[in-house]
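The primary structure of each chain is shown beneath.
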Amino acid sequence: MGMTARVLAVDAGNSKTDVAVVAADGTVLATSRGGGFRPPVVGVQAAVDKVAEAVERAFAAASVSSVDHVSACLANADFPFEEEQLAAALHARAWGAGVEVRNDTFAILRAGVTEPRGVAVVCGAGINCVGMRPDGRTARFPALGRISGDWGGGWGLAEEALWHAARAEDGRGEHTALAHTLPAHFGHDTMLALIQALHLEQVPPARRHELTPVLFATAADGDPVARAIVDRLADEVVTMATVALTRLDLLEEETPVLLGGGVLAAQHPQLADGVRDLLTVRAPKAVPRVVTASPVLGAALLGLDRVGAKAVVHERVRAYFEHRSGTPSPPGV
């Protein structure tokens, strides 16, 4: 060991961590996957230990001991002070001379564009939106749930569906097929039975996310309440994107709007059409596109941006990850 690579890219989400070691010419020397990154649950040091396991495997496979720059896109880095705290923890590991930490939503954005310019809305378990310009300006939201004004994401959709279904069954709300489709998914005949099972954790809390596809299927069958929930999500996605575009003075320019995360990547017709139609009205120059590329690609490209790598280096890294995933390049590559 002793050779120095150019960039260590880290994409660390709540469920998994991906890392890549990139040489100066854009060759991906090694990749590795590790466990989830959850500093609010286990503490910063324990969370970074999980990242370290993946980094050490990648360094060993690449036969390197350090890099010039560490580009880390991390879940739960929602405020600048959290980015600084996490950057200090990574810097202490001496993986690279420079360290930059961003929220993991930036990785999805950068993975989907040919230059650091655009807006991304990610809707997975939660919902978040970020934007960036080549001059370094960014737009972002705290994305901490209801306390920061958020609504949506798979978890939020499941809770909303349960709320409407419970009220439909006991008479407080309007009729909806969700009162039957949600409990049926878990083998129950009534919402009351499902509520009890959830309350007693006979259905583990983590399984609530399974209700999001049930919501979309019920909406596709024409249920008005389910369709209204999906329409509300489309409105929320477009609201976040439009605000970010406005903050970055990109509303009047043709600008990519990247849509990522499991809920948006599934491209449910009602949601996809709703987002497109609302963007046409509120941000007519926005160019929506679904991103399915690996977020660690975005972390690598952000690192290469920082060290001033040439376009051919960016292209080589992108080609590597897109060959592995079969994801087509964005326009212009």
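Everything discussed here concerns the structure shown above.
Because the structure is predicted, anything quoted here is derived from the model rather than measured.

Colleague: Just checking my understanding: could you explain the overall build of the protein chain for this structure?
Modeller: A count of helical and extended segments in the protein chain gives 13 helices and ten strands. On C-alpha atoms alone, the protein chain measures out to a radius of gyration of 21 Å, which is about the 20 Å that the 2.2 N^0.38 rule sets for 333 residues. Classification of the 333 residues of the protein chain by burial places 50% in the buried group. Here the contacts in the protein chain between residues at least 6 apart in sequence split such that 68% fall between residues at least 24 apart. Looking at the protein chain as shown, the accessible area adds up to about 14800 Å², and 53% of this sits on carbon and sulfur atoms.

Colleague: What's the story with the sheet that holds strand 7 (residues 127-132) in this structure? I'm lost.
Modeller: The sheet built from five strands is open, its strands ordered 8-7-6-9-10 with mixed pairing. If you trace the sheet from one side to the other, it starts and ends with strand 8 (138-140) and strand 10 (286-290), each paired once. Neighbouring strand axes in the sheet, compared pairwise and without regard to direction, differ in orientation by 15° on average. Here strand 7 pairs with strand 8 via three bridges, running antiparallel. When the sheet's bridge partners are listed, V130 is paired in strand 8 with R140.

Colleague: Explanation requested: the pattern of salt bridges in the structure shown.
Modeller: Between side chains of opposite charge, a pair can form as their charged atoms come close. Per the stated rule, a full pass over the model turns up 18 salt bridges. As a salt-bridge pair, D18 and K16 come within 3.3 Å of each other at their nearest N and O atoms. Judged by its relative accessible area of 7%, D18 falls in the buried class. Using a relative accessible area of 28% as the deciding quantity, one classes K16 as partly exposed.

Colleague: Would you take a moment to explain the packing of helix 5 (residues 153-170) against helix 6 (residues 178-185) for this structure?
Modeller: Working note: a packed helix pair is described by the angle between its axes plus the distance between those axes. Relative orientation of the contacting elements helix 5 and helix 6 amounts to 115°, with a least axis distance of 8 Å. Pair helix 5 / helix 6 crosses with left-handed handedness. Facing helix 5, whose interface residues are A161, L162, A165, A168 and E169, helix 6 presents L178, A179 and L182. Of the residues belonging to the contact of helix 5 with helix 6, the class tally is seven nonpolar, no polar and one charged.

Colleague: What is the right way to read the nonpolar core from this model?
Modeller: Grouped together as the largest cluster of nonpolar side chains are 52 residues, with contacts concentrated most on L178, L182, L233 and L271. The leading source of residues in this core is helix 9 (residues 224-247), at twelve residues. If sequence neighbours within four positions are ignored, L271 has contacts with F216, V230, L233, A234, V263 and L264. By size, the runner-up hydrophobic cluster in this structure holds 30 residues, among which are V21, V48, V51 and A62.

Colleague: Please clarify how the state of the cysteines should be interpreted in this entry.
Modeller: Here a disulfide denotes one covalent bond, and it connects the sulfur atoms of two cysteines. Tallied over the entire structure, the rule returns zero disulfides. Here C73 is not disulfide-linked; the sulfur of C129 is the nearest cysteine sulfur, at 15 Å. Among the cysteines around C129, which has no disulfide bond, C123 carries the closest sulfur, lying 12 Å off. Among the residues examined, C129 registers a relative accessible area of 0% and is labelled buried.

Colleague: Help me understand the layout of surface pockets, please; the structure alone is not making it clear to me.
Modeller: To find the voids left in a structure, one rolls a probe of water-molecule size over its atoms. Here the largest pocket defines a volume of roughly 1500 Å³. N14, G124, A125, G126 and I127 are the residues nearest the centre of the largest pocket, which is lined by 45 residues in total. Mapped by element, the contributors of at least two residues to the lining of the largest pocket are helix 1 (39-42), helix 3 (80-91), helix 4 (105-111), strand 7, helix 5 and helix 10 (262-265). With five residues, helix 5 is the single largest residue contributor to the lining of the largest pocket. Within the lining of the largest pocket, the residues separate by chemical class into 18 nonpolar, 17 polar and ten charged. Estimates place the volume of the second largest pocket at around 270 Å³. Contributing to the lining of the second largest pocket are 14 residues, with E100, R102, R133, G136 and R306 lying nearest its centre.

Colleague: What's the story with the pairing of strand 4 (residues 64-74) in this structure? I'm lost.
Modeller: Sheet faces and side chains relate simply in a regular strand, where the side chains alternate between the two faces. Of all eleven residues in strand 4, nine are buried, a share of seventy percent or more. Where strand 4 meets strand 5 (residues 96-103), seven bridges bridge the pair, whose relative direction is parallel. Following the sheet pairing, V70 is matched in strand 5 by V99. Once the chain exits strand 4 it traverses helix 3 before rejoining the sheet at strand 5, and the crossover so formed is right-handed.

Colleague: Help me understand a nonpolar patch on the surface, please; the structure alone is not making it clear to me.
Modeller: Side chains of F79, F81, L144 and I147 sit close together on the surface and give an oily, nonpolar patch of about 430 Å² of accessible area. For L144, the location among the structural elements is in the loop between strand 8 and helix 5. Under the relative-accessibility criterion, L144 is labelled partly exposed at 39%.

Criteria and cut-off values
Residues numbered from 1 in each chain as written. Predicted model: local features only at pLDDT ≥ 70, side-chain atom pairs only at ≥ 80, totals over all residues. Heavy atoms only, no water. Helix = DSSP H or I, 4+ residues; strand = E, 2+ residues; numbered from the N terminus. Rg over C-alpha atoms; globule rule 2.2 N^0.38 Å. Buried < 20%, exposed > 50% of the residue type's maximum accessible area, 1.4 Å probe, protein only. Contact = heavy atoms within 4.5 Å. Areas by Shrake-Rupley, 256 points an atom, 1.4 Å probe, with all protein chains shown as cover. Pairing = 2+ DSSP bridges. Axes fitted to C-alpha atoms, helices over the stretch in contact; angles between N-to-C directions. Salt bridge = Lys/Arg side-chain N within 4 Å of Asp/Glu carboxyl O. Left-handed = near helix turned anticlockwise from the far one by under 90°. Nonpolar A, V, L, I, M, F, W, Y, C, P; charged D, E, K, R; others polar. Core = buried A, V, L, I, M, F, W, Y, C linked by side-chain atoms within 4.5 Å. Disulfide = S-S within 2.5 Å. 1 Å grid on protein atoms, 1.4 Å probe; cavity = no way out; pocket = protein on both sides within 12 Å on 5 of 7 lines; lining within 4 Å. Points joined across faces, edges and corners; volume = space filled by probe spheres on them. Right-handed = clockwise from strand over helix to strand, strands pointing away. Patch = residues over 30% accessible without salt bridge, like charges linked within 9 Å, V, L, I, M, F, W, Y side chains within 5 Å.

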